[in-house]
Each structure stands twice: as C-alpha cells, then as structure tokens.
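Structural characterization, general
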Amino acid sequence: MILRGTVRADRPLVVLAVEEEARYLSPDLPVLLTGIGKVNAASAVATVLATGPRPALLLNLGTAGALRPGWTGIHEVATVLQHDLDTELLRALTGQIFGAPLSLATEGAILATGDAFVADDAARDRLAQRADLVDMEGYAVAWAAAQAGVPCRLVKQVSDEAGDGAARTWMESVDSCARDLADWTARHLD
C-alpha cells in the first residue's frame, strides 16, 4: 500500500492497484495504490479510512478486461459483483448472503471482480453471461467504502479482451490506459 498526498474530507481519494495505472495522474490528487487483488484493495482502503479523515468520495480507477466483443474505452460501473465467490452456495449452506452484488450507479457497466487475471477465452465467455468487464479490485474497494459509509465510483478503462493473450495485451496497453484515465480524471474532477 502506498498513499501519495493528503486525504481530505473535501476531496476525492483516487484508488488504483498499481503505479503503472496511476503514472499520469495530477500530483495534486491524493492517490492510494493498493496492490493487486481483493485482499490488498480492501485492506488498503479500510486502513486509510480508519486512520485519517474520510474523503468526500473514493474514486477507483483502473484497467479492466472486456467480456463482450467491441467493448473499448472508459466505462463507469453501475453494478459490481465477485465472480470468484459462490454467493448462492454460501446462502444455501448458511442461510445468509455473503458478497452480494453492489449497486453504485443507475446506469453503466456490470463489473465482475476476482483474484484471477482472466486470460482465456473459456473463462471470459463464462463471465460474459453475468458481466461486461472484469477486474481484480473493484468489488473490494466498493465494499470497503460501503462499510465506512463513503461514496464510491468505479471507472474502468478497457485494456484487453480478457481472453487468450490478455496478459500481453495488458502490458502493451497499460501506459495508454493510464493516460486515458488521467485525462478522464482531469475532465471530471475539480
């Protein structure tokens, strides 16, 4: 976990997984780099929210794999779910719901979050039945924000097609994705 800048109650805190995605953000923005995966993201966000002033908003930026043909560009997330947690089985076993999908906006993409980097066509096709995009931190950031009562937005830039070759494509596209996310942030944050 790396926190750059000062968290203030009157400003958003921008949350990303890795420096490669944050490279072009304004140095005036407070930025939290969580590390990759749900555990890193949830624990980093919870730590920052528990130890200092709470920001006006958590803005999770990052790259995501497209689960649908032709999806490119930047997408705001309306709903985020965990694709690697079997909520129905857990409900059948315990009678309780763990890890239910989270609604963040009235319209936008459906994001599936999980600890596996999706890089094969069969996994992508299975996930496409439930979501539009896939990442590794979004659900955890949104969940930690909800637990703390802090508003949250997820904004994802498509970096790859989440199929065969996705890891290579991510490596080739992350720099341009970081530029696009920085441009989006400059246009949408005061």
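A short tour of the structure in this document, coming up.

Once that is clear, we can look at the environment of F98. Inspection of the secondary structure puts F98 in the loop between α3 (87–94) and β6 (102–103). Using a relative accessible area of 38% as the deciding quantity, one classes F98 as partly exposed.

In this model, A162 sits at a positive phi of 50 degrees, which is unusual for a non-glycine residue. Mapped onto the elements, A162 comes out in the loop between β9 (152–160) and α6 (166–188). For A162, a relative accessible area of 0% gives the class buried.

Turning our eyes to something else, we now look at the pattern of salt bridges. Throughout the structure, instances matching the rule amount to 11 salt bridges. Between R23 and D175 there is a salt bridge, and its shortest N-O distance comes to 3.1 Å. Highlighted residues: R23 in the loop between α1 (19–22) and β3 (31–33) and D175 in helix α6, separated in sequence by 152 residues. Two residues, R68 and D132, come together in a salt bridge whose shortest N-O distance is 2.6 Å. Of this pair, R68 sits in the loop between β4 (57–66) and β5 (74–82) while D132 sits in the loop between α4 (121–127) and β8 (133–135), placing them 64 residues apart in sequence. Here R68 falls in the partly exposed class, since its relative accessible area comes to 29%. Its relative accessible area of 10% is what places D132 among the buried residues. When salt bridges that share partners are traced, they join R23, D175 and R179 into one network.

Below, the discussion takes up the pairing of strand β7 (residues 109–113). Counting buried residues in β7 gives 4 out of 5 residues, a clear majority hidden from the surface. Note that β7 and β8 share 3 bridges and pair parallel. Along β8, the bridge assignment pairs L111 with L133. Since β7 and β8 lie parallel, the crossover through α4 that links them has a hand, and here it is right-handed.

In this section: the environment of R179. Inspection of the secondary structure puts R179 in helix α6. Residue class for R179 comes out partly exposed when judged on its relative accessible area of 42%. Between the C-alpha atoms of R179 and R23, which are 156 residues apart in sequence, the distance is 7.8 Å.

What follows concerns the nonpolar core. The biggest cluster of nonpolar side chains holds 30 residues, and the ones touching the most others in it are L13, V15, L32, V45, L58, V80 and C152. For this core, the elements supplying multiple residues, two or more each, are β2 (12–16), α2 (38–51), β4, β5, β7, α5 (138–148) and β9. By residue number, the principal contributor to this core is α5, which donates 7 residues. Setting aside residues no more than four positions away along its own chain, V45 makes contact with V15, L32, T34, L58, V141, A144 and A145.

Right, let's get into α5. In terms of burial, α5 is a largely internal element, 8 of the 11 residues being buried. Looking only at α5, the buried set comprises G138, Y139, A140, V141, A142, A144, A145 and A148.

Moving on, we get to the layout of surface pockets. Taken as a whole, the largest pocket encloses approximately 270 Å³ of empty space. As for the largest pocket, its lining consists of 20 residues, and the residues nearest its centre are T63, F117, D135, M136 and W170. Those elements that place two or more of their residues in the lining of the largest pocket are β4, β8, β9 and α6. In terms of residue class, the lining of the largest pocket is built from 13 nonpolar, 3 polar and 4 charged.

What counts and how
Residues numbered from 1 in each chain as written. Predicted model: local features only at pLDDT ≥ 70, side-chain atom pairs only at ≥ 80, totals over all residues. Heavy atoms only, no water. Helix = DSSP H or I, 4+ residues; strand = E, 2+ residues; numbered from the N terminus. Buried < 20%, exposed > 50% of the residue type's maximum accessible area, 1.4 Å probe, protein only. Salt bridge = Lys/Arg side-chain N within 4 Å of Asp/Glu carboxyl O. Pairing = 2+ DSSP bridges. Right-handed = clockwise from strand over helix to strand, strands pointing away. Core = buried A, V, L, I, M, F, W, Y, C linked by side-chain atoms within 4.5 Å. Contact = heavy atoms within 4.5 Å. 1 Å grid on protein atoms, 1.4 Å probe; cavity = no way out; pocket = protein on both sides within 12 Å on 5 of 7 lines; lining within 4 Å. Points joined across faces, edges and corners; volume = space filled by probe spheres on them. Nonpolar A, V, L, I, M, F, W, Y, C, P; charged D, E, K, R; others polar.

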